[in-house]
Each structure stands twice: as C-alpha cells, then as structure tokens.
Amino acid sequence: MNQPPTAPYDLLGVGIGPFNLSLAALCDQAPDLSTLFCEARPEFRWHPGLLVDGARMQVPFLADLVSLVDPTSPWSFLNYLRHQQRLFPFYFAERFHLPRREYEHYCRWAAEHLPNCRFGAPVSSIRWESTGRLFRVTAGGQDLAARNVVLGVGTEPHRPSVFAALADHPRVWHCAQYLDRRATLDGVRDITVLGSGQSGAEVFLDLLRIRAGDGTRLRWLTRTRAFAPMEYSKLGLEHFTPDYTRYFHALPAAARDRLVAEQWQLYKAASAETLAEIHDHLYERTVGRPVHAEPVEIVPGTAVVAATAAPDGTVELRCRHGDSATGSVVRTGAVVLATGYRAVRPPVLEPIAHLIDWDEQGRYRVDLDHRVATRPALTGGLYVQNAELHTHGVGTPDLGLGAHRAAAILNAIAGRTVHPLPARTAWTSFAPPAPAVRQPREGDEAPADAR
C-alpha cells in the first residue's frame, strides 16, 4: 500500500532484486501494512551481463517469487504465463528449469505491476531517529520514515586481490559484464576464463561456440581440484530447506564457517548439464582430429598467485598447481573473472553502523527471522536478504528459499502469521537425536532433592 511520504512505512525495502521483489509480492496479502521498496536503477535488471543464449536456471520454475509459500498468489510464474498467453507453449515445452532470460522477464513483469515498487529512487542514507523510534531513509531525494528496513541490495562481483593492480585493464573484467564487453574480445587470440562455477562454465561454453574454428586458444582455469558438478541428488538438495537452515543456524560460528567452505559443491559448482554440453561440443569439434589439435586448455587445481600487465598489452598469470606444488606462467590476451559474488556492507548503513552488533569478523549477527542484531538504542527492525551465508548456510543465495525467507520476515514484521509456513520440509534429520531420558522404574532410589 502506498501512502504520503510523511507517514511512516511499516516496511521499507532497500534494493529490488529477486529476494526483495519476493517480499514485495508477498506483501500483497497484508494490505494493512504500508510497504515501499526502492531501487536505484530505472527498471528491474537481474545479472544482465550473464543472460547468455541457452543459459538455464539451476532451480525449478516453482522457485519463483511466491509459489513455495503461496501458489495461489497472482504473482506466481504460472500466472505470469497466463498474462503472457504462453501457458500452452510452456505446457508442451515440458521445461522444469527455465531459460534465464525468461526468469528475468518474469521478475520484470512483477516489478512493473507491483504498486509498492519504486525505481529510479536510490537510497543514499539510513539513519535512526531515537525520539520517534523510526528509521529515516533518504531515497530519490525524499526523506522517508519506516518502522522496519529490509536490505536487499544483493552481492557484488568479487575480484581476487591478485588482480587489484589490473582494475583498469581493458581486457580483465568480471563475468558480470560479459555480454556488455564480449565484443572487446574480438581479435584476441588467447582468452582465459577463471573460475569453475556455473557462470564460468556458461562463459566458457559461449566462447567455445562463438569462437569455434577461428584458432583462438581458450583456457579454463580454476583452483578447485576438479570441474565437479553441482550436487543435485534429491536428498542432497534437502540442504536447501528451512529444516537445514534451522540446524545450521544453531551451530557454533566456527562450525558454520567450516561447513560453508566444505560445501562448495552444493552452491558454487556448475550444473552437470552445462559441463556435459562443454564436453559434447569439444567432442564434435574434434571429429577426424586428435584431441590435442584443438586449442583448448581445461586446467583444474591451479591457483593464480600473481597477475601483471605485460608491455604488449597481454596479461601474465603466475600460477601454482596445488597437488604438485609446481609453478607456471601463462601469457594471455584477456581474462574473464568468473570468481563469484560476495556480500558487502552497503555505504548507506554508515550513519547507523555503530548501532549494529557486528560479529568478530565484522559481519551481521542474524536471527532465524533474518533480523540483524542491533544495540539497545536501535529498536526498529533491520533485516537482511542474501547477506547471511555465515549464519544461515548454503541456502542463503538460493532462489528456492527466497519466498520462505521473505514470508518469515513479513510474519515477523506483521507480528502475526500472514503466510503459514510448514513445520517440516525435509526427510533428513540433520541434527543428532536428543539423548533418551531414562524413565524411573519401580525400586529406583528417589533423588536426594525429592526426599
């Protein structure tokens, strides 16, 4: 529900990516709450640099904005198809996993029609007004008041520190810019893709297709010991349930940090289908020729320990092979960094940073309802989406848990159950069983305090 800017909103969202968009859509079922979501960009965009032809989602279409919480919502993917007059084509296509372009278009459709989404309204500051017990948010030049703020600013492309000196190099950039800058690779005859996740696999596959037969050497490097596929067994996927989130959240911080590092194959690897497409493409390209005739290198277990610009404009990568501890030097014409994304502290929080109860590593402390721990002086609700990998586990960036998290936040803010959530979502019991309590038997001596 929209309202005059002078009245306080019950909920104000900062950033409109898929997760805050999910929350905006679920707020439709709480018309008594006044909500507003602000986004700096003029329209909804979701990883536009990676909408490569043929790229598919890694989650089923039911992981839309609302369906896993409320499949009757008018903001479901199936209702989007109805409005697009594409239900029958989708039915006959029998696609459980959507093209990435279609998911982005669906989100844009929802964002354009939801009345509580405001684009072209960058949030420049969040302050706390103790007298009125309200957040003061400057957005699009307006001063807005809110009782609760939800940060959905997303993650930012990560550049490894060894590439810091090459920040301005015209041919060293993050894959988030891939489609925007792909044309700058024209004429480059040696291209290196760094990183073995889904984005790296999709970029490498796209380069294989568009540079086929032109003699370009394509190299795919990763420090990971294998180009291993994403864990996609049915029981393995139960790590992306609220049950596992609750289990993970209850663990000590040291155990959580260790688990996130160990579970990379659950959320950072490439899909088996994309890896198979790469292999199939290379196989067909080498029909009638030996494998070594193809100018392609796929090298796991190799870390880039230094990167410098050569005088001729190329890039020199000093590499170290993990198993053999041997070093090597790669000279390449361009590097596409498929090195992932990381949550960062948004600058808009600086006015209230001293009121947030950061952990020992400067990260948010986040409860199960995704509320950030704050000092006693800040009594309003500050919530985060996709910034709690260290407290909520591998499901944090997964779209399949987006609607559930949004519903948990909304229920907490409303102080009532706007959207009922299931008590059990997995067959797996992640925690050990509670110790059995021995029942007293006849003849047992009574405890001393019971005498």
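Right above here is the structure, for reference.
Structural notes, computed from the coordinates. The structure displayed is predicted, hence computed values, not measured ones.

### Points about the sheet that holds strand E6 (residues 142-146)
Taken together, the 3 strands give an open sheet; going across it, the order is E4-E5-E6, and neighbouring strands pair in antiparallel fashion. Of all the strands in the sheet, just strand E4 (123-129) and E6 have a single pairing partner and so form its edges. Each neighbouring strand pair of the sheet contributes to a mean axis angle of 25°, computed without reference to strand direction. Summarising the sheet, E4 and strand E5 (residues 134-139) pair through 6 bridges and their orientation is antiparallel. In the sheet register, Arg-127 faces E5, and the bridge partner there is Arg-136.

### Some remarks on the sheet that holds strand E1 (residues 11-14)
Taken in spatial order, the 5 strands of this open sheet run E3-E2-E1-E7-E18, and their pairing is parallel. The outermost strands of the open sheet, each flanked by one partner alone, are strand E3 (117-119) and strand E18 (381-384). For this sheet the average axis-to-axis angle between neighbouring strands, irrespective of direction, equals 20°. Alignment of strand E2 (residues 35-39) against E3, held across 3 bridges, turns out to be parallel. Its bridge partner being in E3, Phe-37 is matched across the sheet by Cys-117. Across the sheet, helix H12 (residues 402-414) is in contact with E1, strand E7 (148-151) and E18; its angle to E18 comes to roughly 175°.

### A look at the state of the cysteines
A full pass over the atoms with the stated rule returns 0 disulfides. With no disulfide of its own, Cys-175 lies 18 Å from the sulfur of Cys-319, the closest cysteine sulfur. Under the relative-accessibility criterion, Cys-175 is labelled buried at 1%.

### Concerning the packing of helix H7 (residues 242-249) against helix H8 (residues 253-262)
Packing of H7 against H8 brings their axes to within 9 Å, and their N-to-C directions diverge by 135°. The angle between H7 and H8 falls in the class oblique. Along its contact with H7, which presents Tyr-244, Phe-248 and His-249, the element H8 presents Arg-256, Leu-259 and Val-260.

### A short note on the side chain of Arg-211
Relative to the assigned elements, Arg-211 resides in the loop between helix H6 (198-210) and strand E11 (217-221). Within polar-contact distance, the side chain of Arg-211 engages the backbone oxygen of Leu-185 at 3.2 Å. Those residues in contact with Arg-211, other than ones at most four positions away along the chain, are Leu-185, Asp-186, Gly-187, Val-188, Arg-189, Ile-191 and Thr-216.

### Digging into the pattern of salt bridges
The final tally for this structure, using the stated rule, is 32 salt bridges. A salt bridge links Arg-258 to Glu-262, with the nearest nitrogen and oxygen atoms 3.4 Å apart. Taken together, the residues span about one helical turn, with Arg-258 and Glu-262 both in helix H8 at a distance of 4 residues. Residue classification places Arg-258 among the partly exposed positions, given a relative accessible area of 45%. Through salt bridges that share partners, Arg-127, Glu-129, Arg-136 and Asp-143 make up one connected network.

### Examining the nonpolar core
Residues Leu-21, Leu-23, Leu-65, Phe-77, Tyr-103 and Tyr-106 are the most contacted members of the largest nonpolar core, which totals 45 residues. Setting aside residues no more than four positions away along its own chain, Leu-21 makes contact with Ile-16, Phe-44, Leu-65, Cys-107, Ala-110, Ala-111, Leu-114 and Cys-117. One finds Val-137, Leu-144, Val-348 and Val-384 within the second-largest nonpolar core, a separate group that totals 30 residues.

### Notes on helix H10 (residues 272-285)
One full turn of an α-helix is made of 3.6 residues, so residues set three or four places apart face in the same direction. Between its first and last C-alpha atoms H10 spans 20 Å; for 14 residues at 1.5 Å apiece the expected length is 20 Å, and the two agree. Of all the positions in H10, only Thr-274, Leu-275, Ile-278, His-281, Leu-282 and Arg-285 are classed as buried. For H10, the angular spread of buried residues about the axis comes to 125°, placing them on one side. Seen from the buried face of H10, the exposed residues on the opposite side, beyond 90 degrees, are Glu-273, His-279, Tyr-283 and Glu-284.

### What about unusual backbone geometry?
Of note in this structure, Glu-94 is not a glycine but carries a positive phi near 50°. Along the polypeptide, Glu-94 turns up in the loop between helix H3 (87-93) and helix H4 (100-113). Non-glycine residue His-370 carries a positive phi angle of around 70°. In this fold, His-370 is placed in the loop between strand E17 (341-342) and E18.

### A word on the pairing of strand E14 (residues 315-321)
Across 7 bridges, strand E13 (residues 302-309) lies against E14 in antiparallel orientation. Across the sheet, the residue bridging to Thr-302 is His-321, located in E14. Taking the residues between adjacent antiparallel strands as the criterion, E13 and E14 are bridged by 5 residues, where Gly-313 takes a positive phi near 90°. Between the end of E14 and the start of strand E15 (residues 327-332), which pair antiparallel, lie 5 residues, with Ala-325 showing a positive phi angle near 60°.

### Re the packing of aromatic side chains
Both the distance between ring centres and the angle between the ring planes are used here to describe each pair of aromatic rings. Per the counting criterion, the structure on display carries 24 aromatic pairs. Connected via pairs of aromatic rings, a cluster forms that spans Trp-46, Phe-61, Trp-75, Phe-77, Tyr-80, Phe-90, Phe-96, Tyr-103, Tyr-106 and Trp-109. Taking NZ or CZ as reference, Arg-345 lies 3.8 Å from the ring centre of Trp-358, over its face.

### Section: the pairing of E6
As paired strands, E5 and E6 are joined by 5 bridges and run antiparallel to one another. Pairing of Thr-138 across the sheet is with Asp-143, part of E6. In this structure, the hairpin formed by E5 and E6 is closed by a connection of 2 residues, where Gly-140 is found at a positive phi of approximately 60°.

### Things to note about the packing of H6 against H10
One can describe the packing of H6 onto H10 by two numbers: an axis separation of 9 Å at closest approach and a directional angle of 20°. Here H6 is positioned roughly parallel relative to H10, judged by the angle of their axes. For the pair H6 and H10, the sense of crossing is left-handed. Along the contact surface, H6 presents Gln-198, Ala-201, Glu-202, Phe-204, Leu-205, Leu-208 and Arg-209, while H10 presents Thr-274, Glu-277, Ile-278, His-281, Leu-282 and Arg-285. Its residues assigned to classes, the contact of H6 with H10 shows 6 nonpolar, 3 polar and 4 charged.

Definitions and limits used
Residues numbered from 1 in each chain as written. Predicted model: local features only at pLDDT ≥ 70, side-chain atom pairs only at ≥ 80, totals over all residues. Heavy atoms only, no water. Pairing = 2+ DSSP bridges. Helix = DSSP H or I, 4+ residues; strand = E, 2+ residues; numbered from the N terminus. Axes fitted to C-alpha atoms, helices over the stretch in contact; angles between N-to-C directions. Contact = heavy atoms within 4.5 Å. Disulfide = S-S within 2.5 Å. Buried < 20%, exposed > 50% of the residue type's maximum accessible area, 1.4 Å probe, protein only. Parallel < 35°, antiparallel > 145°, perpendicular 65-115°, else oblique. Polar contact = N/O pair within 3.5 Å; in protein donor to acceptor, adjacent residues only side chain to side chain. Salt bridge = Lys/Arg side-chain N within 4 Å of Asp/Glu carboxyl O. Core = buried A, V, L, I, M, F, W, Y, C linked by side-chain atoms within 4.5 Å. Expected span 1.5 Å × (residues − 1). Arc of directions from axis to C-beta. Phe/Tyr/Trp six-rings, centres within 6.5 Å; stacked < 30°, edge-to-face > 60°. Lys NZ or Arg CZ within 6 Å of the ring centre and 35° of its normal. Left-handed = near helix turned anticlockwise from the far one by under 90°. Nonpolar A, V, L, I, M, F, W, Y, C, P; charged D, E, K, R; others polar.

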